[in-house]
Amino acid sequence: MSDCIFCKIASGEIPVDKLIDDEDVVAFRDLNPQAPEHILIIPRQHLERLAHADESHSDLIGKLILAANKLAKKLKLDESGYRLVINNGESAGQSVWHLHLHLLGGRDFNWPPG
Ligand code: 5GP
Ligand code: ZN
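Residues numbered from 1 in each chain as written. Chains lettered and ligands numbered in written order. Predicted model: local features only at pLDDT ≥ 70, side-chain atom pairs only at ≥ 80, totals over all residues. Heavy atoms only, no water.

> When you look at helix 2 (residues 58–74) in this model, what are you seeing that I'm missing?
Because each turn of an α-helix spans 3.6 residues, side chains separated by three or four positions end up pointing in the same direction. Along its 17 residues, helix 2 runs 24 Å from first to last C-alpha, staying within 8% of the 24 Å computed at 1.5 Å per residue. Of the residues making up helix 2, those classed as buried are Leu60, Leu64, Ala67, Ala68, Leu71 and Ala72. The buried residues of helix 2 occupy an angular sector of 135° when the element is viewed end-on, so they sit on one face. In helix 2, the exposed positions that point more than 90 degrees away from the buried face belong to Asp59, Leu66 and Lys70. Among the structural elements, strand 1 (18–21), strand 2 (25–29), strand 3 (37–43), strand 4 (82–85) and strand 5 (101–105) are those in contact with the buried residues of helix 2. Where helix 2 ends, the next residue or the one after it, Lys76, has phi of about 60°, a positive value. (Helix = DSSP H or I, 4+ residues; strand = E, 2+ residues; numbered from the N terminus. Expected span 1.5 Å × (residues − 1). Buried < 20%, exposed > 50% of the residue type's maximum accessible area, 1.4 Å probe, protein only. Arc of directions from axis to C-beta. Contact = heavy atoms within 4.5 Å.)

Spelled out as structure tokens, the structure:
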């Protein structure tokens, strides 16, 4: 998608420091962090939102979650705890229309979420 900011980040057209940059998955810090650690984990492939995923994306979605798991360990959040969030659609607050997983950690979180 030529006008998608996360596609541009994934391709390197917009340079960012990447914590993961592999064949399928890219991870980088959120521009407007909501916690001491706030990482975005995205598929390299453009997919507008989680609701557009189907069985053909099972491996990819597994990879995104395992990438979060790996990063959480690397950032030493695995013992204290962390939160994974996918905002799907406008009511959930999705603002970038390329599937992404938020990895949030380094503070306590409330439940239910706002
Ligand atoms: P959403 O609201 O769609 O779940 O999350 C989109 C996230 O992307 C927001 O937390 C926002 O701060 C982040 N974001 C938007 N544009 C950019 C950008 O250009 N670079 C980075 N690193 N994060 C961005
Ligand atoms: Zn995209």
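Additional details are given in the paragraphs that follow.
> When you look at the nonpolar core in this model, what are you seeing that I'm missing?
Buried together is how nonpolar side chains tend to be arranged in soluble globular proteins. Formed by 16 residues in total, the largest nonpolar core has its most connected members in Ile39, Ile41 and Leu71. Only strand 2, strand 3, helix 2 and strand 5 provide two or more residues apiece to this core. A per-element tally of this core places helix 2 first, with 5 residues. Ranked by size, the runner-up nonpolar core spans 10 residues in total, among them Ile9, Ala10, Ile42 and Val96. (Core = buried A, V, L, I, M, F, W, Y, C linked by side-chain atoms within 4.5 Å.)

> Any chance you could explain the site of ligand 1 here in plain terms?
Ligand 1 sits among 16 residues. The nearest are Arg29, Asp30, Asn87, Ser95 and His102. Arg29 places a polar main-chain atom, nitrogen or oxygen, 2.8 Å from a nitrogen atom of ligand 1. One nitrogen or oxygen atom from the main chain of Ser95 is found 2.6 Å from an oxygen atom belonging to ligand 1. In isolation ligand 1 exposes 520 Å². Once the protein is present, 83% of that is buried. (Near = heavy atom within 4 Å. Polar contact = N/O pair within 3.5 Å; in protein donor to acceptor, adjacent residues only side chain to side chain. Areas by Shrake-Rupley, 256 points an atom, 1.4 Å probe, with all protein chains shown as cover.)

> Looking at this structure, I do not really get unusual backbone geometry. What am I missing?
Excluding glycine, a negative phi dihedral is what most residues carry, and trans is how most peptide bonds are arranged. A cis amide bond links Trp111 with the next residue in sequence, Pro112, at an omega value of 0°. Relative to the helices and strands, Pro112 resides in the segment after strand 5. Although it is not a glycine, Lys76 sits at a positive phi angle of roughly 60°. Within the secondary structure, Lys76 is located in the loop between helix 2 and strand 4. Since its relative accessible area comes to 67%, Lys76 is described here as exposed.

> How should I be thinking about the environment of Trp97 in this particular structure?
Of note, Trp97 is situated in the loop between strand 4 and strand 5. A sequence separation of 93 residues divides Trp97 from Cys4, and the C-alpha atoms of the two residues are 7.5 Å apart. Setting aside anything within four residues of it in sequence, one finds Trp97 in contact with His46, Leu47, Glu48, Arg49, Gly89 and Glu90.

> I would appreciate a short explanation of the pattern of salt bridges in the present structure.
Think of it this way: side chains of opposite charge can pair up when their charged atoms draw near. Evaluated as defined, the whole model comprises 4 salt bridges. Here Asp21 makes a salt bridge to Arg44, at a shortest N to O gap of 2.6 Å. A residue pair is termed long-range when its members are at least 10 positions apart, and Asp21 in strand 1 and Arg44 in the loop between strand 3 and helix 2 qualify at 23 residues. On the basis of relative accessibility, which here comes to 49%, the residue Asp21 falls in the partly exposed class. Judged by its relative accessible area of 28%, Arg44 is partly exposed. A salt bridge links Lys63 to Asp24; its shortest N-O distance comes to 2.6 Å. In this pair, Lys63 sits in helix 2 while Asp24 sits in the loop between strand 1 and strand 2, placing the two residues 39 residues apart along the sequence. Given a relative accessible area of 39%, Lys63 falls into the partly exposed group. Since its relative accessible area comes to 22%, Asp24 is described here as partly exposed. (Salt bridge = Lys/Arg side-chain N within 4 Å of Asp/Glu carboxyl O.)

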